[in-house]
2 protein chains.
Amino acid sequence: MQSICAVEGVTAAGIKEGKFGLALIRASGTAAAVCTRNIVQAAPIQLMQRQLASGVLDGIVVNSGCANAYTGERGVADAAAMAAIAAEALGTDPSRIGVASTGVIGRYLDLDRIRGQCARIAGSLAADEAAETAAARAIMTTDLTEKHALVRREDFSIGGIVKGSGMIAPNMGTMLGFLYTDAEISAPELRAALATACRRSFNRVVVDGDTSTNDIVFCTATGRRGRPDPAAFARALEECCIVLARQIAADGEGATKLIEMRVTGAASEEDAETIARTIVESPLVKTAVYGMDPNWGRIVAAAGRAGVLFNPAILTLAIGEGSDAVLLVDRGAIVAALDRAKAAMSGKKVVFTLDLGSGGASATAWGCDLTEKYVEINGKYTT
Amino acid sequence: MQSICAVEGVTAAGIKEGKFGLALIRASGTAAAVCTRNIVQAAPIQLMQRQLASGVLDGIVVNSGCANAYTGERGVADAAAMAAIAAEALGTDPSRIGVASTGVIGRYLDLDRIRGQCARIAGSLAADEAAETAAARAIMTTDLTEKHALVRREDFSIGGIVKGSGMIAPNMGTMLGFLYTDAEISAPELRAALATACRRSFNRVVVDGDTSTNDIVFCTATGRRGRPDPAAFARALEECCIVLARQIAADGEGATKLIEMRVTGAASEEDAETIARTIVESPLVKTAVYGMDPNWGRIVAAAGRAGVLFNPAILTLAIGEGSDAVLLVDRGAIVAALDRAKAAMSGKKVVFTLDLGSGGASATAWGCDLTEKYVEINGKYTT
């Protein structure tokens, strides 16, 4: 699939050798990024926070296999060296290169490997499907699938690739995102739109931007197709991020089902988000979904510990979508429909809607079930 | 083992039929309790919050198999009826009976079963080991082991039984605790001592008192052996609770290892506690312990997302205890000792010590590893 390479002005290349991958993406334009809020920040994040103030990039280099996190001053120098390697390949200044890393924490980058990989792929930068696939695969770690999204409007396109194998709870795993648009948009507008889009997408999925040491989402606007309506651009960017966020949740480590948790009738969007996130991060909810066990009490209990005030006596909870929705609780009254509820959990996507009955705000969060496979994957990662 | 029945003035009885158990404990005296802070409170919790203001109890009745949670007004009436059944058996007033429940949420109590079980065990109330064992087993759900603790001082004793099969993250599972002492202590002193003891023990284990719908810890003081030094009493109560909290963590659902996370060198006890809890609730840390994978980067990353400010560049992290401790990070410098670290993870108990290097406060939290068995247990609970 083509997504970033469908955006005018973007070319990509990638290589994966065992667990060590390198992706190179060339695109010149206005750039913004949203970084992790973890106070233990990986070296590339530290470098980017200094560098992105300029708001311009000519390219991005990403490695997988080594997070270059908790590597001190040497790590920051290594990240800068990685930027310099990519800058040389792209014929630009290192200050115009975005850098991201994912992998094991507490190990130094192998700059010789990165130099070698960069030299081997720089000549193959292209805008075709094979090039995009190579880049998307190069950034994968425990991901099982590449993740692409493309939102087309009449006057602009937005494409993105991400890596992120949904972890068991929010705030745990590294997600990297690389979004591109051919719209012309100012750096402050791009920053604001990206921050909102990330908050409503990646930050509401089981892997989120505010706590791994390495999380970063970049967006570069090449401006090739002129200036769109800023509000329409912001909506399209959010849509693109949500499509990618769902893919991350569905590819959660060991996951067999995507969980979509919609909270409605809240006093504020923030309340709705907090409750939705608390529910999708609940291991008891996640294991119940895995077992197709309509144990809705776990959803109510998770909502109750989210730290948001609401009246538990007037909740409405349903499972499923549209005309297939099965009511479990109706304005506080228990509806006995466990057989139908179990059937509604049999697909690859399980949707819950919890209405708090106390306002007009809503939010959706995405997660995945928790399986034996998750334990197996994470029990022996370093070795 | 005798613990509550080693306290003067306490007799117990219990019965377990399939997954439905009932325990009856007789002890008259000053009483206090710490309840869940979940806003979805089970019916027995709602009843207890009204009733415990008097500060006096003659007995406690506990059922397992049905949580009597999210059962509305009928649930509260059922909890009161359960108190009345026990009060009749003990020849006292229902207002002097403590009630607790654990099990599936959203189901009504079977009062006929409770009445029948109470009638069958009331005559066997005793202070011997068999009676205590029956009571401790009656309150178990997915627990694999009974949990008892006894702290003896020259002038008083404190004994306790608990149920709680450690969940994957704090704030998730029901824990019930029943502590007894023959010390004479006022209700306000007892409340304060119990609140502090719970905060430093059960609230720092993977199952904690502030969020299941049903969590409650009672302490009843029979006063039979006179008035101790209040500070000595408070210390002994905390010790008793910590012994019980460790047992809950070690019996975590599917667990093979107890995790003890010590955070030292913090600016405040609260900071140390927040970091220690965040680490023991991390699924990535829990799976790494299961796999005996010394992936210490996950510990540092979890600390970094705890929401507490510290300087990551001066951390010291060790695994193991005393002379067997293996340094992994020494004031920010990575120490390569992964083979020895792996060996230090081979036992039933894995101890980590993280020194923040920025103050004199400390706190310990307890957790357990995350295994395939946890998923199996929780994937099919309701049925």
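The following paragraphs examine the structure supplied in this document.

1. Comments concerning the overall build of chain A
And step 1. Each helix and strand counted, chain A has eleven helices and 14 strands in total.
And step 2. Since a compact globule built from 383 residues should have a radius of gyration of about 21 Å, the 21 Å found for chain A is in line with a globular shape.
And step 3. When its C-alpha atoms are laid out on the principal axes, chain A stretches across 65 × 50 × 35 Å.
And step 4. The buried share of chain A, taken over its 383 residues, is 61%.

2. Quick look at the sheet that holds strand E10 (residues 316-319) of chain A
Residue and element names in this part refer to chain A.
And step 1. What the six strands build is an open sheet, ordered E12-E11-E10-E13-E9-E14; its pairing is mixed. Two strands close off the open sheet at either side, each with one partner strand: strand E12 (333-334) and strand E14 (361-368).
And step 2. Pairing of E10 with strand E13 (residues 349-355), which is carried by four bridges, proceeds in the antiparallel orientation. Across the sheet, Ile319 pairs through a bridge with Phe352, a residue of E13.

3. Description of the relation of the copies chain B and chain A
And step 1. Mapping chain B onto chain A is achieved by rotating through 180 degrees and translating by 0.0 Å along the same axis, at an RMSD of 0.0 Å. Here the copies are linked by what is in effect a two-fold axis. Taking the C-alpha atom as reference, chain B places Glu372 of chain B closest to the rotation axis, 2.2 Å from it.
And step 2. Take the interface residues of chain B: 100% of them recur as interface residues in chain A, which is what a same-surface contact looks like.

4. So, the interface of chain B and chain A
And step 1. Listed per partner, the contact involves 50 residues of chain B and 50 residues of chain A.
And step 2. Summed over the shared surface of chain B and chain A, the number is zero salt bridges.
And step 3. At the junction of chain B and chain A, the tally comes to four residue pairs in polar contact (both at pLDDT 80 or more).
And step 4. Mapped onto the side of chain B that touches chain A, the elements with two or more residues apiece are helix H8 (283-290), helix H9 (297-304) and helix H11 (372-379) of chain B.
And step 5. Counting residues per element, the side of chain B that touches chain A draws most heavily on H11 of chain B, which supplies six residues.
And step 6. Classifying every residue of the side of chain B that touches chain A by side-chain character gives 27 nonpolar, 16 polar and seven charged.

5. Quick notes on the pairing of strand E14 (residues 361-368) of chain B
All names here are of chain B.
And step 1. For E14, the buried fraction is high: seven of the eight residues fall into the buried class.
And step 2. In this structure, strand E9 (residues 258-266) lies alongside E14, joined through seven bridges in antiparallel fashion. Paired with Met261 across the two strands is Ala365, which belongs to E14.

6. Side note on the sheet that holds E14 of chain B
And step 1. If you trace the six strands from one edge of the open sheet to the other, you get E12-E11-E10-E13-E9-E14 (chain B), paired in mixed fashion. Each end of this open sheet is capped by a strand with a single partner; those strands are strand E12 (333-334) and E14 of chain B.

7. Details of the pairing of strand E3 (residues 56-66) of chain A
Residues and elements named next belong to chain A.
And step 1. Most of E3 sits inside the fold, with ten of its eleven residues counted as buried.
And step 2. One ladder, built from eight bridges, connects strand E2 (residues 20-35) with E3; its direction is antiparallel. The residue of E3 that forms the bridge with Ala23 is Val62.

8. Structural notes on the packing of aromatic side chains
And step 1. This model, assessed by the stated rule, comprises six aromatic pairs over all chains.
And step 2. Where Tyr70 of chain A meets Trp296 of chain B, the ring centres are 5.7 Å apart and the plane angle is 75 degrees; that geometry is what we call edge-to-face. Linking Tyr70 of chain A in the loop between E3 and helix H2 (72-90) with Trp296 of chain B in the loop between H8 and H9, this pair reaches from one chain into another. Comparing Tyr70 of chain A with Trp296 of chain B, the two get one shared label, buried.
And step 3. In this arrangement the basic side chain of Arg74 of chain A is found over the ring face of Tyr108 of chain A, its NZ or CZ atom lying 3.7 Å from the centre.

9. As for unusual backbone geometry
Residues and elements named next belong to chain B.
And step 1. Residue Asn68 is not a glycine yet carries a positive backbone phi of 45 degrees.
And step 2. Along the polypeptide, Asn68 turns up in the loop between strand E3 (56-66) and helix H2 (72-90).
And step 3. Residue Asn68 is classed as buried on the basis of its relative accessible area, which comes to 0%.
And step 4. Phi at Arg331 is positive, roughly 45 degrees, even though this residue is not glycine.

The rules behind each value
Here the residue index of a chain counts from 1 through its sequence in written order. To read the labels, note that chains go from A and ligands from 1, taken in the order they are written. Predicted model: local features are reported for residues with pLDDT of at least 70 only, side-chain atom pairs are reported and counted for 80 or more only, and whole-chain, interface and lining totals are derived from all residues. Water and hydrogen atoms were dropped before computing side-chain values, which therefore reflect all heavy atoms in the structure. Going along the chain from the N terminus, every DSSP run of H or I of four or more residues is numbered as a helix, and every run of E of two or more is numbered as a strand. In this treatment the radius of gyration is a C-alpha quantity, and the globule benchmark scales as 2.2 Å times the residue count to the 0.38 power. Summary of the burial criterion: residues with accessible area below 20% of their type's maximum are buried, those above 50% are exposed, and those between are partly exposed, where the area comes from a 1.4 Å probe applied to protein chains only. Paired strands, in this sense, are two strands between which DSSP finds at least two bridges. For this overlay, a least-squares fit was computed on C-alpha atoms, restricted to residues scoring pLDDT of at least 70 in both copies. We call two residues in contact when some of their heavy atoms are within 4.5 Å. Each reported salt bridge corresponds to a side-chain nitrogen of Lys or Arg within 4 Å of a carboxyl oxygen of Asp or Glu. Pairs of N or O atoms within 3.5 Å make up the polar contacts considered here, provided that, within protein, one atom can donate a hydrogen while the other can accept it, and that residues adjacent in sequence are counted only when both atoms are side-chain atoms. Here the nonpolar group is Ala, Val, Leu, Ile, Met, Phe, Trp, Tyr, Cys and Pro; Asp, Glu, Lys and Arg are the charged ones; every other residue, Gly included, is treated as polar. The pairing test for Phe, Tyr and Trp rings, Trp by its six-membered ring, is centres within 6.5 Å, and the orientation test on the planes gives stacked under 30 degrees, edge-to-face over 60, and tilted for anything in between. Criterion for a charge above a ring: Lys NZ or Arg CZ within 6 Å of the ring centre, and within 35 degrees of the ring normal.

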